[in-house]
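Summary of the model geometry
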Amino acid sequence: MKVYETVIGLEVHVELATRTKIFCGCSTKFGGAPNTRCCPVCTGMPGTLPVLNKKVVEYAIAAGLALGCRITQKCKFDRKNYFYPDLPKAYQVSQLYLPICRDGGIEIDTPAGRKTIGIHEIHMEEDAGKLVHDPWDDVTLVDYNRCGVPLIEIVSEPDMRSAQEVVAYLEKLKLILQYLGVSDCKMQEGSLRADINLSVREMGAKEFGVRTEMKNMNSFKAIARAVEGERKRQIELLEEGRRVVQETRRWDDNKDMSFAMRSKEDAQDYRYFPEPDLVPVEISDEWLEEIRARQPELRDEKMLRYEREYGIPAYDAAIITASKQMADLFEAAAALCGRPKEVSNWLMVETMRLMKEAQTEPEDLSVSPEKLASLILLVEKGTINRTVAKKVYEKIFFEDVDPEEYVKQNGLGMVQDDSLLRSTAESVLAQNPQSVADYKGGKAKAMGYLVGQTMRAMKGKANPAKVNEMIQELLSR
Amino acid sequence: MIISEDTIEYVAALAKLKLEEDQKDKAIEDLNRILAYIDTMNELDTDGIEPMSHAFEVKNVFREDVVTNEEETEALLANAPVKKDGCFVVPKTVET
Amino acid sequence: MEVTKWGAKELSDRIKARELSASEAVEAQLAQIERKETRYHCYTRVLAEEARERAKEVQRRMDAGELADSPLAGVPVAIKDNICTKGIPTTCSSRMLKNFVPPYDAAVIERLQAAGAVLIGKLNMDEFAMGSTTETSWFGPTKNPWDVTRVPGGSSGGAAAAVAAQEAFLALGSDTGGSIRQPSSFCGVTGIKPTYGTVSRYGLIAYASSLDQIGPIARSAEDCAAALDVISGTDLRDSTCIPKESYGYSKALTGEIKGMRIGIPSGYFGDGLDPEVERGIRKAADVLASLGAVVEEFELKAVDYAIPAYYVIASAEASSNLSRYDGVKYGYRTPKYEDLQEVYLKTRSEGFGGEVKRRMMIGAFVLSSGYYDAYYNKALKVKALIKQGFDEAFQKYDCILGPTAPTTAVKLGESLSDPLKMYLGDIYTVSVNLAGLPGISVPCGLDSRGLPIGMQLIGRAFGEKEILRAAHAYEQTGEYLFAPCTE
């Protein structure tokens, strides 16, 4: 068999985190009963007109700057015409001739080292509605809630060569966008979805092979499998002496196969032309600088700063900054309690464990920094011990309880009464003469057992350091 | 002749119009006459001229990102030829 | 009292002076409509009950001391049926929107209501404003009140005919390539297309978005100015609306045009222009000169290519704008269908008339892959040159004068069979839309058949005041000629 090279380019659609839609004052909130988040404008009623949401432009510029693009300082919108029930105007307002950003790129880490994936362009456009099959009547129901939600489409160069590179690119992209705050990138809600353009060619060939497109992929795992599956399919075709057909295919993740989409009745002739209802957008140098100055710290800078400023190990800094939610939580909690290392420990160990247990995506992490900080201070002050703290943290994680109140209400505070501890320890020693003898006979280990028994008798609410001290004192008498 | 039978069918398909056989010839004739007339604009030298989509140079008209609309499902659906469960209804769309 | 012969502003003044009430004005108007409507068919719907209710409310407001400054307080106003009216069908004279009831008012309707005008009805038009005769209406043609065997022009034919037949004091039309000015000319009334961006298009059902503009049709420049005072102004819902410093049009009507420089493009008097129309225009030019204007002929560049450029641009935008009528959200849906494609194809083929379909096909063609540059982009360049030509002309002149249409009103049924011939009738009007400029059509006498001739005055961008002043000064030199329908 010949050796083949896979060539992949991505078109990534990202829903912007604006409050309102791109051309009207409807909420972009996810969900809601059908057709409750739309108006005459976004449902394309006759006579209505679009007015551009300024924030969409600013978010697109922010994304472009972070992705190293040139910003098109005079850009405009075009109409892309096609009929489909999810598109109420029968055209999508998008950008063909003058997209807002061009010629950027991001670096990804591959087993062979760093590599730049080029970004061809970024354009602004509106999302379409949702079609739901109604099994009772065998008809399709049309819901326009998502219609007009602002999107940017990030078109990469065909620079990726493997599923790993694709996933690395997407992960990097996702983090950058999340850190910018321009999108929540919740893939399960469709805020980030990718079209995969893939072709194969013999290693060393100059020309690209015939490519296929797989649309609307919204999980990294499915994307990796789809790349792998499509690559194999195309190579098999070529090996059998057949040809790859340029077409749109649908990846079926359950069957682990792609299928040709039935070629539509429609010719793919979108008849783009400048949108006459919108005026051009002119981005002045001042506006650009203003946005540049507002750009938040992105992940790479953050990681370095955590190491430098907080003395967090590189490995931990990488994990914490792997999601914006986690990094935000870290910084806020650290600022509140002044114990960055403690916060880091809570995130690295307990938070990770609970997220795994609850199958929480990092984007959905909702622990409040105030509560985590307050918990850390409770331990610090000796109000509760670590064992109790872990239990309280679970309650914070799942039920958002207030740690201070919760400790108070459930009597979890450490017993500060020395005389109670003394009498308890004395009775433990009295009940375990053998261990006492063992200790005195040189078996230091026996002390651990006595401490444990005392903690138990104190129902875990004693300060372990104090118990140690007390047992030592009693044994040395 | 710019418009052939194939072109008229293609153009009708793009515009989602169904032309009956007896309308086709007339449509081809009309469009060819009109386009032949339109072609007279090629007499005008437009080299180096920027295409002008807006007659006036207005730019940067924006709205602020503030929610202003309330739910008005009923009004939006009032004109729907077929509706169900707060949705517009179309014949089953085939996804594959 | 011949109430319906009064001007709109005059009527409002008389209501303010308590010579009659807003309700009496509405009754007079409804009675005239009752008498004339079967003959002329100007309306798609008369809002008798709504108007009676509204008139009472307006009268209450006036009695309470409101609306003293509104030139249209208490005036019944008729609206072209492509301007959305909340809760009232807005059909575009199309089978497609026969039952469409908008849940919102157009911006101009809000402004009219706030000014105390009373909506009296919705006016017939060419389907989706495509046509020059009002014969493409799904509801049947409107007849010209000067001669019922003739068309009233179009697409705002219902509007112009209603004003001429005293079935309306004032009407709002829309103008994409001459649709206010040409019917005004055919019906012997005054109609102005404002500069693009002067009046909000929010709620105007789009034909060609970059060219559409709403404007008034009335029996005098004075009433047009009064209407513009009410309906113009910026609107946050229309991105192409252009804020201006001053909108006071009525104040510009000084009657004084001494020294005004008026240019007549010599190319306007060429082939295809009816000699009687030419005579009418030249006579009007003499009148303007006698009033002290400096009138001379000049060469207007690129204007010969306005019609091709217009039909490319307008059809392209129309093909996109009208794609939303697909039988899903509103309007007509074919009763019998097997699948989605049939819903689309049958709904649109049955719902639209021939002229609309023709323009949608032209539009789809000129935008289609491989033809965009040769047609659409070329047309945008021609448009740029036409604008340049006007810009140069307005360095020398305050107004450009010419005919509104090459002929007076044509016979019913003559135009539809030959679309290209109909398009050529737009020769004097479409360039004004392409350049975004204001244009007014003013009656200037009758031809030998007794049909009105219209002259067009074109102004520089936002130069409405100049052309209104010239039109007004001209109108002051003679009496308004009422259509022969007057009993």
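Residues numbered from 1 in each chain as written. Chains lettered and ligands numbered in written order. Predicted model: local features only at pLDDT ≥ 70, side-chain atom pairs only at ≥ 80, totals over all residues.

Secondary structure summary: chain A contains 15 helices and 17 strands in total. By the compact-globule yardstick of 23 Å for 477 residues, chain A is too spread out, its C-alpha radius of gyration being 30 Å. With the C-alpha coordinates aligned to their principal axes, the bounding extent of chain A is approximately 95 × 60 × 55 Å. Taking all 477 residues of chain A together, the buried fraction comes to 43%. In chain A, the proportion of contacts linking residues at least 24 apart, taken out of those at least 6 apart, comes to 69%. (Helix = DSSP H or I, 4+ residues; strand = E, 2+ residues; numbered from the N terminus. Rg over C-alpha atoms; globule rule 2.2 N^0.38 Å. Buried ≥ 20, exposed ≤ 12 C-beta atoms within 10 Å, placed from the backbone. Contact = placed C-beta atoms within 7 Å.)

So, on to the overall build of chain B. A tally of helices and strands in chain B yields 3 helices and 3 strands. Over its C-alpha atoms chain B spans a radius of gyration of 23 Å, topping by over 25% the 12 Å that the globule rule assigns to 96 residues. Along the first, second and third principal axes, the C-alpha atoms of chain B reach 55 × 45 × 30 Å. Classification of the 96 residues of chain B by burial places 26% in the buried group.

We note that the domain assignment places domain 1 (4–286), domain 2 (297–409) and domain 3 (418–475) within chain A. Between domain 2 of chain A and domain 3 of chain A, the C-alpha centre-to-centre distance is 33 Å. (Domains from an automatic or database assignment.)

Take the interface of chain B and chain A next. Taken together, the contacts link 35 residues of chain B with 43 residues of chain A. Ranked by the residues each element gives to the side of chain B that touches chain A, the list is headed by strand 3 (residues 87–91) of chain B, at 5 residues. Here the side of chain B that touches chain A is built from residues that sort into 16 nonpolar, 9 polar and 10 charged. (Nonpolar A, V, L, I, M, F, W, Y, C, P; charged D, E, K, R; others polar.)

The subject of this paragraph is the packing of helix 7 (residues 324–337) of chain A against helix 9 (residues 369–380) of chain A. Residues and elements named next belong to chain A. Running from N to C, helix 7 and helix 9 cross one another at 45°; their axes reach a closest spacing of 8 Å. As far as their axial angle goes, helix 9 and helix 7 are oblique. Crossing angle aside, the handedness with which helix 7 passes helix 9 is right-handed. Contact residues: Leu329, Ala332, Ala333, Leu336 and Cys337 in helix 7; Pro369, Glu370, Leu372, Ala373, Ile376 and Leu377 in helix 9. For the contact of helix 7 with helix 9, the class distribution of residues is 10 nonpolar, no polar and 1 charged. (Axes fitted to C-alpha atoms, helices over the stretch in contact; angles between N-to-C directions. Parallel < 35°, antiparallel > 145°, perpendicular 65-115°, else oblique. Left-handed = near helix turned anticlockwise from the far one by under 90°.)

Here the focus is the interface of chain B and chain C. Chain B puts 37 residues into the contact, and the matching count from chain C is 55 residues. Mapped by element, the contributors of at least two residues to the side of chain B that touches chain C are helix 1 (5–14), helix 2 (21–38) and strand 3 of chain B. Ranked by residues supplied to the side of chain B that touches chain C, first place goes to helix 2 of chain B with 7 residues.

Residue and element names in this part refer to chain A. Where strand 12 (residues 192–202) lies against strand 13 (residues 212–217), 4 bridges are found, and the strand directions are antiparallel. Looking across to strand 13, one finds that Asn197 is bridged to Glu213. By the bridge criterion, 2 bridges tie strand 13 to strand 14 (residues 248–252) in an arrangement that is parallel. From the neighbouring strand, Met214 faces strand 14, where its bridge partner is Arg249. Between the parallel pair strand 13 and strand 14, the chain is carried across by helix 3 (residues 220–239), and the sense of this crossover is left-handed. (Pairing = 2+ DSSP bridges. Right-handed = clockwise from strand over helix to strand, strands pointing away.)

Residue and element names in this part refer to chain A. Spatially, 9 strands are ordered 3-7-8-11-1-12-13-14-15 in an open sheet, and the strand pairing comes out mixed. Unpaired on one side and paired on the other, strand 3 (70–71) and strand 15 (257–260) mark the two borders of the sheet. With 9 bridges connecting them, strand 7 (residues 101–110) and strand 8 (residues 113–126) associate as antiparallel partners. Its bridge partner lying in strand 8, Ile106 is registered against Ile117.

Residues and elements named next belong to chain C. The strand order 1-3-2-4-6-5-10-11-9-7-8 describes an open sheet built from 11 strands, whose pairing is mixed. Lying at the two open borders of the sheet, with one neighbouring strand each, are strand 1 (43–46) and strand 8 (294–298). Going across the sheet, the axis of each strand differs from the next one's by a mean of 30°, ignoring polarity. Where strand 7 (residues 261–265) lies against strand 9 (residues 399–403), 2 bridges are found, and the strand directions are parallel.

Residue and element names in this part refer to chain C. Compared with the 16 Å implied by 1.5 Å per residue over 12 residues, the 16 Å span of helix 15 (residues 464–475) between its first and last C-alpha is a close match. In terms of burial, helix 15 is a largely internal element, 12 of the 12 residues being buried. At its buried positions, helix 15 is contacted by strand 5 (190–193), helix 7 (221–231), helix 8 (275–290), strand 9, strand 10 (439–446) and strand 11 (452–459). (Expected span 1.5 Å × (residues − 1).)

All right, on to the packing of helix 2 (residues 22–40) of chain C against helix 3 (residues 48–63) of chain C then. Residues and elements named next belong to chain C. Contact geometry of helix 2 with helix 3 gives a least axis separation of 8 Å together with a crossing angle of 155°. Put simply, helix 2 runs roughly antiparallel to helix 3. Crossing of helix 2 against helix 3: the hand is right-handed. Across the interface between the two elements, Ala22, Ser23, Val26 and Leu30 from helix 2 touch Ala48, Ala51, Arg52, Ala55, Lys56, Val58, Gln59 and Met62 from helix 3. For the contact of helix 2 with helix 3, a count of residues per class yields 8 nonpolar, 2 polar and 2 charged.

Listing the buried residues of helix 4 (residues 107–114) of chain C in full gives Ala107, Val108, Ile109, Arg111 and Leu112 of chain C. Looking at the buried side of helix 4 of chain C, the elements it contacts are strand 2 (76–80), strand 4 (170–175), strand 6 (213–218) and helix 7 of chain C.

With that out of the way, let us pick up the environment of Thr85 of chain C. Residue and element names in this part refer to chain C. Tracing the backbone through its elements, the reader meets Thr85 in the loop between strand 2 and helix 4. On the basis of neighbour counts, which here come to 22 C-beta atoms within 10 Å, the residue Thr85 falls in the buried class. A sequence separation of 69 residues divides Thr85 from Lys16, and the C-alpha atoms of the two residues are 27 Å apart. Discounting residues that sit within four places of it in the chain, Thr85 has contacts with Ile79, Thr90, Pro102, Asp105, Ile109, Leu119 and Lys122.

As a further point, take the environment of Gly259 of chain C. Residues and elements named next belong to chain C. Inspection of the secondary structure assignment puts Gly259 in the loop between helix 7 and strand 7. For Gly259, a count of 9 C-beta atoms within 10 Å corresponds to the exposed category. Spatially, the C-alpha atoms of Gly259 and Asp238 are 37 Å apart, while their sequence positions differ by 21 residues. Excluding residues within four positions of it along the chain, Gly259 makes contact with Gly292 and Val294.

Residues and elements named next belong to chain A. Pairing analysis gives 4 bridges linking strand 14 to strand 15, with the strands arranged antiparallel. Note on strand 15: the bridge partner recorded for Arg250 is Phe259. Hairpin remark: strand 14 followed by strand 15, antiparallel, with 4 residues in the connecting loop; positive phi at Asp256, about 60°.

Moving on, we come to unusual backbone geometry. Residues and elements named next belong to chain C. Omega for the peptide link from Gly154 to Ser155 comes to 5°, which places this bond in the cis form. One non-glycine residue, Ser93, adopts positive backbone phi at about 50°. Residue Ser93 is classed as buried on the basis of its 32 C-beta neighbours within 10 Å.

What follows is about the environment of Asp277 of chain A. All names here are of chain A. Note on placement: Asp277 falls in the loop between strand 16 (273–274) and strand 17 (281–282). Under the C-beta neighbour-count criterion, Asp277 is labelled buried, with 21 such atoms within 10 Å. Distance in space between the C-alpha atoms of Asp277 and Lys2 is 54 Å, their sequence separation being 275 residues.

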